[in-house]
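Results of the structural survey
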Amino acid sequence: MMAVGRSGGTILLFCLSFFAAVTAESPYRFFDWNVTYGDIYPLGVRQQGILINGQFPGPDIHSVTNDNLIINVHNSLDEPFLISWNGVQNRRNSYVDGMYGTTCPIPPRSNYTYILQVKDQIGSFYYFPSLAFHKAAGGFGGIRILSRPGIPVPFADPAGDYTVLIGDWYKFNHTDLKSRLDRGRKLPSPDGILINGRSNGATLNVEQGKTYRLRISNVGLQDSLNFRIQNHRMKLVEVEGTHTLQTMFSSLDVHVGQSYSVLITADQSPRDYYVVVSSRFTDKIITTTGVLRYSGSSTPASGPIPGGPTIQVDWSLNQARAIRTNLTASGPRPNPQGSYHYGLIPLIRTIVFGSSAGQINGKQRYGVNSVSFVPADTPLKLADFFKISGVYKINSISDKPTYGGLYLDTSVLQVDYRTFIEIVFENQEDIVQSYHLNGYSFWVVGMDGGQWKTGSRNGYNLRDAVSRSTVQVYPKSWTAIYIALDNVGMWNLRSEFWARQYLGQQLYLRVFTSSTSLRDEYPIPKNSRLCGRARGRHTRPL
Ligand SMILES: *[C@@H]1O[C@H](CO)[C@@H](O)[C@H](O)[C@H]1NC(C)=O
Ligand SMILES: *[C@@H]1O[C@H](CO)[C@@H](O)[C@H](O)[C@H]1NC(C)=O
Ligand SMILES: *[C@@H]1O[C@H](CO)[C@@H](O)[C@H](O)[C@H]1NC(C)=O
Ligand SMILES: *[C@@H]1O[C@H](CO)[C@@H](O)[C@H](O)[C@H]1NC(C)=O
């Protein structure tokens, strides 16, 4: 159920009075979501999926830059639930970020209304359930933010626009997977790959001669995936909110948590063609096919299923380097994306994050800079707001790796608002990693094999690197990003490898200012749920 408009209802009045100064001009879109368990058969066997309004995957959110999204989430599961928004920046408002460290869980049989604004953003993103291991059961869906009318988009309007959610999948349900991790064990390899919730027969309908946009997101738990379409090439046009140099690819690597938009032109004879998704860098390659169906086609897809890269890292690295920003194209605003010269801004600080894997008390754990994250009893953001001490310690994680033994803590690193910093992700392990930072998009200035050194900066792309929110780090390699810290709040930085984030490979960046101006950060939303040691407090002075 969705309604778009400027009138009607108490929620609207409430929002207008709350955000009047900043958002009164932007439209409101209302969503009413009921989160339930329901039977799904993605791999042919019955499973309990997490459905939203009866759907698996959940419904898409369609919005336009600066829209206000009012999303009333009813939790009909038997355990606490939260949704988070991959790539949506929630500017000045980390309270609604939907992570354990920012937002209280929605208890069973309760509801909570997220009030988000997709401020100054365009592009392709997705939402997902952030608590426990719910993501293994569904509860995810696409988010698209269209450009405002009058702001040029650097390609013609496509004839159709499809959300394509791809991801690995298990026959085990989310409670089984979680209890396995809780017992200190690793997860087995996934059993299959889904395209829009199906392991076979997912269909994209096209008409000959027309061009379509596919918004591809990897919503899976661990595997990097390669996406390709038989006899069709793809023109990459957008990555997580940045219009890219339009480049043709015959297949595309999509690491866990990442989103890409491609254009495909139906320029072949009208029949069915294979849409193929296969795992990357895995011992056993798993593959799933869907169908690109031309209208009027009565010929099923045939011929060999097109092959793609499997274990080749260099192929992937070269493709990643070819993904660059179109500096002359508009972004969410009419000015060209290249008008912000990120390569000329002095760095205030360099932070290096190294991952580690190991055992603590005989149980498998993962960490960043030797700290394996454990949640606190109260969302960190609420502890800040209510000045509750003892929930976490600032700088409970070092800003350089030590590669010493892993230990448990609620890791929070403080960084200063309005500074410009560099983060280097080091990966001494032999798997591909993928990191996501909430609240931001960052420039991916470099990645390469071996150990990062200050001299590695000589090879950075300081001109047209892509700006995004999720980045891969290849095995025994590093990736460097630049970030303008322009969004105050408590922001989760995590591995998108879901078992790893669950077992501690995450932390929070506390982007801090002593200013209490509304221009820097909104006050806590009046409808916030309060839990842990914040329970019984008041979101406004009495
Ligand atoms: C959600 O769905 C469940 C199962 O269909 C139903 O019992 C419940 O009343 C629904 N809740 C809302 C708020 O619609
Ligand atoms: C998951 O499967 C186990 C049996 O393997 C079952 O006991 C449990 O209720 C299931 N959980 C859900 C959420 O379906
Ligand atoms: C719960 O949903 C009802 C409507 O179904 C709404 O009136 C109420 O404001 C919601 N509560 C919260 C905390 O969002
Ligand atoms: C870059 O964007 C401009 C629009 O400003 C467009 O005309 C041009 O084709 C784009 N170039 C590439 C290589 O994508």
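The rules behind the values
- Residues numbered from 1 in each chain as written.
- Chains lettered and ligands numbered in written order.
- Predicted model: local features only at pLDDT ≥ 70, side-chain atom pairs only at ≥ 80, totals over all residues.
- Heavy atoms only, no water.
- UniProt positions renumbered as here; feature names shortened; annotations may be inferred.
- Buried < 20%, exposed > 50% of the residue type's maximum accessible area, 1.4 Å probe, protein only.
- Helix = DSSP H or I, 4+ residues; strand = E, 2+ residues; numbered from the N terminus.
- Arc of directions from axis to C-beta.
- Contact = heavy atoms within 4.5 Å.
- Near = heavy atom within 4 Å.
- Polar contact = N/O pair within 3.5 Å; in protein donor to acceptor, adjacent residues only side chain to side chain.
- Areas by Shrake-Rupley, 256 points an atom, 1.4 Å probe, with all protein chains shown as cover.
- Core = buried A, V, L, I, M, F, W, Y, C linked by side-chain atoms within 4.5 Å.
- Nonpolar A, V, L, I, M, F, W, Y, C, P; charged D, E, K, R; others polar.
- pLDDT = per-residue confidence, 0-100.
- Pairing = 2+ DSSP bridges.
- Axes fitted to C-alpha atoms, helices over the stretch in contact; angles between N-to-C directions.
- Disulfide = S-S within 2.5 Å.
- 1 Å grid on protein atoms, 1.4 Å probe; cavity = no way out; pocket = protein on both sides within 12 Å on 5 of 7 lines; lining within 4 Å.
- Points joined across faces, edges and corners; volume = space filled by probe spheres on them.
- Domains from an automatic or database assignment.
- Phe/Tyr/Trp six-rings, centres within 6.5 Å; stacked < 30°, edge-to-face > 60°.
- Lys NZ or Arg CZ within 6 Å of the ring centre and 35° of its normal.

- As named in an unreviewed UniProt entry, the protein is SKU5-similar 6, taken from Arabidopsis thaliana.
- Turning to the protein, the UniProt annotation filed under Sequence similarities (unreviewed entry) states: "Belongs to the multicopper oxidase family."

So, helix 2 (residues 174–182)
- Those residues of helix 2 lying buried are H174, L177, R180 and L181. Looking down the long axis of helix 2, one finds its buried residues gathered within 130 degrees of arc, a one-sided arrangement.
- On the buried face of helix 2, the contacting elements are strand 2 (28–40), strand 3 (47–52) and helix 5 (498–502).
- In the stretch just after helix 2, G184 is the one whose phi turns positive, near 95 degrees.

What to know about the site of ligand 3
- Close contacts around ligand 3 come from N72, H74, N111, Y112 and T113, and that covers them all.
- T113 places a polar side-chain atom, nitrogen or oxygen, 2.6 Å from an oxygen atom of ligand 3.
- Notes on ligand 3: free accessible area 360 Å², of which the protein chains cover 47%.

Quick look at unusual backbone geometry
- Residues F56 and P57 are joined by a peptide bond in cis, for which omega reads -10 degrees.
- Looking at the element boundaries, P57 is found in the loop between strand 3 and strand 4 (61–64).
- With phi around 45 degrees, N90 is a residue other than glycine that occupies positive phi space.
- Along the chain, N90 turns up in the loop between strand 6 (83–86) and strand 7 (110–117).
- Classification of N90 as buried rests on a relative accessible area of 2%.
- The phi dihedral of K476 falls on the positive side, at around 50 degrees, and the residue is not glycine.
- Along the chain, the position of K476 falls in the loop between strand 31 (470–473) and strand 32 (477–484).

Some details on the nonpolar core
- Judged by nonpolar contacts, the single largest core of 63 residues is most densely connected at F227 and F353.
- Ignoring sequence-local partners within four residues, the contact set of F353 consists of V368, N369, I397, S398, L413, I423, V424, F425, E426, L493 and L507.
- Among the nonpolar cores identified, the runner-up in size contains 42 residues, and L177, L187, F497 and L503 belong to it.

Section: the site of ligand 4
- Contacts to ligand 4 come from P154, T244, L245, Q246, N326, T328 and A329.
- Contact distances for ligand 4 include 2.8 Å between an oxygen atom and a backbone N or O atom of Q246.
- Within the side chain of N326, an N or O atom sits 2.3 Å from an oxygen atom of ligand 4.
- A total of 370 Å² of accessible area belongs to ligand 4 in isolation, and the protein chains cover 53% of it.
- Looking at the shell around ligand 4 residue by residue, the class counts come to 3 nonpolar, 4 polar and no charged.

As for the confidence of the model for the protein
- With 95% of its residues at a pLDDT of 70 or more, the protein shows a mean pLDDT of 95.
- Here residues 1–23 scores under 50 on pLDDT; set against residues more than four positions off or in separate chains, the count is 46 contacts.

With respect to the sheet that holds strand 20 (residues 287–294)
- With respect to topology, 5 strands assemble into an open sheet ordered 12-20-19-14-17, the strand pairing being mixed. Looking at the sheet topology across the chains shown, the edges are occupied by strand 12 (200–206) and strand 17 (252–254). The mean inter-strand angle of the sheet, taken between neighbouring strand axes irrespective of direction, is 25 degrees.
- Bridge analysis of strand 14 (residues 225–229) against strand 17 gives 3 bridges, and the strand direction is antiparallel. The residue bridging F227 from the neighbouring strand is L252, located in strand 17.

Here we look at the state of the cysteines
- Evaluation of the coordinates by the stated rule reveals 1 disulfide.
- In this model, C104 is linked to C531 through a disulfide, with the two sulfur atoms separated by 2.1 Å. Around the S-S axis, the bridge from C104 to C531 shows a dihedral of about -85 degrees and counts as left-handed. Pair noted here: C104 is in the loop between strand 6 and strand 7 and C531 is in the segment after strand 34 (506–512), with a separation of 427 residues, a long-range link.
- By relative accessible area, C531 is classed as buried at 13%.

Overview of the layout of surface pockets
- Looking at the largest pocket, its volume works out to about 1,100 Å³.
- Together, 41 residues line the largest pocket, and P332, Y340, S441, W443 and S467 are the ones closest to its centre.
- Across the lining of the largest pocket, the residue classes tally to 15 nonpolar, 16 polar and 10 charged.
- In this structure, the second largest pocket encloses a volume near 760 Å³.
- Looking at the second largest pocket, it is lined by 33 residues, and the ones nearest its centre are Q222, D223, T282, I431 and F497.
- Counting residues per element, the ones that place at least two in the lining of the second largest pocket are strand 22 (363–368), strand 28 (433–437) and helix 5.
- Taken together, the residues of the lining of the second largest pocket break down into 15 nonpolar, 9 polar and 9 charged.
- Lining the lining of the second largest pocket are residues from two domains, each supplying at least three of them: domain 2 (160–322) and domain 3 (337–534).

Some remarks on the packing of aromatic side chains
- What the rule picks out here adds up to 26 aromatic pairs.
- With a centroid separation of 6.1 Å and an interplanar angle of 55 degrees, the aromatic rings of Y126 and F128 are classed as tilted.
- Y126 gets classed as buried once you look at its relative accessible area, which sits at 0%.
- Ring-pair connections join several aromatic residues into one group, and the members of that group are Y340, Y342, F420, W443, Y460, W478 and Y482.
- For the cation-ring pair, K381 lies above Y95, with the distance from its terminal atom to the ring centre recorded as 5.2 Å.

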